[in-house]
Amino acid sequence: GEITDARERVERRWFSNMERDSGMAALVTARGARCEPFHRWLVFRQAFSPELVRRFLSHVEESGLVDDGTPLLDPFSGTGTFVTECARQDRAAIGVDALMAAAFVTSTKPATAMPELPELTGCTTWQEIADRLTDSLHRAALICAVAAHTTAKGTLNKNAPPMIDAFQSMIEVMRVDLRTPLKRTNLALTGDGRKLSFLTDSSIGGILTSPPYLSRHDYSKLTLPYEDVCAHWYGRPKSNQMPASPRGRTSPRRGDVPAAVAESCDTLDLIGEHKLARVVRAYFLDTIGILKQCARVLQPGAPLWLVIGGARLKDVYVPTDSILAEHAESIGLTVRQFVVARDLIPGPRKFGRLPNITPRESILVMARS
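Quick caveat, the model's predicted, so the values are computed rather than measured.

> Help me understand the pattern of salt bridges in this model?
A side chain of one charge can pair with a side chain of the opposite charge if their charged atoms are brought near each other. The tally for this structure, following the rule as stated, stands at 26 salt bridges. R40 is the salt-bridge partner of D177, the closest N and O atoms lying 2.6 Å from each other. Pair noted here: D177 is in helix α7 (residues 163-177) and R40 is in the loop between β1 (18-20) and α2 (50-63), with a separation of 137 residues, a long-range link. With relative accessibility at 4%, the residue D177 sits in the buried group. When the shortest N-O distance is used, the salt bridge between R349 and D315 registers 2.3 Å. Of the two residues, R349 is situated in strand β10 (residues 349-351) and D315 in the loop between β7 (311-313) and β8 (316-318); the sequence distance between them amounts to 34 residues. Of the residues examined, R349 reaches a relative accessible area of 40% and is grouped as partly exposed. Residues joined by salt bridges that share partners form a network here, namely E36, E51, R54, R55, E85 and R88.

So, in structure tokens, the structure goes:
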């Protein structure tokens, strides 16, 4: 008896525009980053591949609309895949992320050589190592070593090699990569990707980004161990950025959202999932605000590639990609391609009058009108 009319409408409208490309499935994951120089220092499971960045840069170059000196942007930079690959390809770029540890590691990558380590005899915990480190590159290596020790549940792996060994192994990885330095220094900032007030209108030549996905799981727990390492030296930033998961958000139900979002929230309310309904509404208010900011800072005709995933929350289907594609047209963006990279949940189900529907991970290829 679930009401599905609004979500069916938006799905039907975009269904004929969807291009399934299984070759993109690996590019919306971090798989390729694990073996490439600089990218392999710190890898998030939720990141996209450096190869996707290279394809985006080719797209920007082929369009001929953007001057080489105009910076590109990733407002949800994560481990810095975008700004790092742009630096490897000698393109100016800016990355913004709420995670101080991730932005810090990215900011150290333009180094040209690994300094000599201090004496670390007797150090066994990361805290003991941290207390002897003063160089930024050494500190970045410790953050990466702790990240490598972190389990899928966000806890330190007790079966991993001793921390001092993991740290020294990371130092060697970084030393090898630094033999071929990045071609330029790009900005990696700690901040709020929803608020780009530091950028002027029409100042950005292209955006490739992947905001947090709508999920019941709190992925931010995965980053706590290495955020603690960074905070050991620098304290915790006062950042308001959209969290890696909206779990626990209790934003009041206010503001206009698309009909398909309101329908999803109403359905969750009907089954007693009131908190989750507020999460969904707040998530779309945030994400629509992100699109508006992106449209504001982009130059006319400049591309925006948005990597985004849908969701099934308590059996309520939320087609995030088609909802955002629909809304983008009302804020000055044109959807050029709707590329479905992969299904996120196996086993498609009937949805209203639509057969074989499942949450997707997609790339919305857009441009500022």
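We are not done yet, so read on.
> Any chance you could explain helix α11 (residues 320-328) here in plain terms?
Every α-helix carries 3.6 residues per turn, so stepping three or four residues along brings you back to the same face. With eight of nine residues buried, α11 is to be regarded as a mostly interior element. Taken together, the buried positions of α11 are occupied by T320, D321, S322, I323, L324, A325, H327 and A328.

> Would you mind going over the pairing of strand β3 (residues 93-97) with me for this structure?
Successive residues of a regular strand alternate their side chains across the two faces of the sheet. With five of its five residues buried, β3 lies for the most part within the structure. Where strand β2 (residues 72-74) and β3 come together, three bridges link them in parallel fashion. Within β3, the residue paired with D74 across the bridge is G95. A crossover connection joins β2 to the parallel β3 through helix α3 (residues 81-88); in handedness this β-α-β unit is right-handed.

> Help me understand the packing of helix α1 (residues 5-15) against α11 in this model?
Look at α1 against α11: their axes get within 9 Å of each other, and the N-to-C directions meet at 80 degrees. Relative to α11, the element α1 is oriented roughly perpendicular. Seen from α1, the contacting residues are V10, E11, R13 and W14; seen from α11, they are S322, I323, A325 and E326. Residues that form the contact of α1 with α11 fall into these classes: four nonpolar, one polar and three charged.

> Mind showing me how you'd approach the environment of D74 here?
Inspection of the secondary structure assignment puts D74 in strand β2. Using a relative accessible area of 0% as the deciding quantity, one classes D74 as buried. For D74 and L306, which are 232 residues apart along the polypeptide, the C-alpha to C-alpha distance reads 10.0 Å. For D74, the side chain forms a polar contact with the side chain of T209, separated by 2.6 Å.

> Explain the side chain of T106 to me, please; I cannot follow it from the model alone.
You can see T106 is positioned in helix α4 (residues 100-108). Residue T106 is classed as buried on the basis of its relative accessible area, which comes to 7%. Among the polar contacts made by the side chain of T106, one reaches the main-chain carbonyl oxygen of A102 at a distance of 3.0 Å. Residue contacts for T106: discarding those within four places in its chain leaves G78, T79, G80, V83, T84 and A188.

> Would you mind showing me how to read the packing of aromatic side chains here?
For any pair of aromatic rings, the description rests on two quantities: the centre-to-centre distance and the angle between the ring planes. One pass over the structure, following the stated rule, counts nine aromatic pairs. Their ring planes at 40 degrees and their centres at 6.1 Å tell us that W14 and F338 sit as a pair that is tilted. Placement of the pair is W14 in helix α1 and F338 in strand β9 (residues 333-343), with a sequence separation of 324 residues. According to the relative accessible area criterion, W14 is buried, its value standing at 3%. Of the residues examined, F338 reaches a relative accessible area of 1% and is grouped as buried. When the centroid spacing of 5.4 Å and the interplanar angle of 85 degrees are considered together, the rings of Y283 and F284 count as edge-to-face. Taken together, the ring pairs in this structure connect F56, F82 and W305 into an aromatic cluster.

> For this particular structure, what's the right way to read the packing of α1 against helix α9 (residues 259-270)?
Angle between the axes and distance between the axes are the two parameters that describe a pair of packed helices. Between α1 and α9, whose axes approach to 8 Å, the crossing angle comes to 140 degrees. In this structure, α1 meets α9 at a crossing whose hand is left-handed. Contact with α1, carried on its side by D5, A6, R7 and V10, involves A259, A260, E263, S264 and T267 of α9 and no other residues of that element. Here the contact of α1 with α9 is built from residues that sort into four nonpolar, two polar and three charged.

Conventions used here
- Residues numbered from 1 in each chain as written.
- Predicted model: local features only at pLDDT ≥ 70, side-chain atom pairs only at ≥ 80, totals over all residues.
- Heavy atoms only, no water.
- Salt bridge = Lys/Arg side-chain N within 4 Å of Asp/Glu carboxyl O.
- Helix = DSSP H or I, 4+ residues; strand = E, 2+ residues; numbered from the N terminus.
- Buried < 20%, exposed > 50% of the residue type's maximum accessible area, 1.4 Å probe, protein only.
- Pairing = 2+ DSSP bridges.
- Right-handed = clockwise from strand over helix to strand, strands pointing away.
- Axes fitted to C-alpha atoms, helices over the stretch in contact; angles between N-to-C directions.
- Parallel < 35°, antiparallel > 145°, perpendicular 65-115°, else oblique.
- Contact = heavy atoms within 4.5 Å.
- Nonpolar A, V, L, I, M, F, W, Y, C, P; charged D, E, K, R; others polar.
- Polar contact = N/O pair within 3.5 Å; in protein donor to acceptor, adjacent residues only side chain to side chain.
- Phe/Tyr/Trp six-rings, centres within 6.5 Å; stacked < 30°, edge-to-face > 60°.
- Left-handed = near helix turned anticlockwise from the far one by under 90°.

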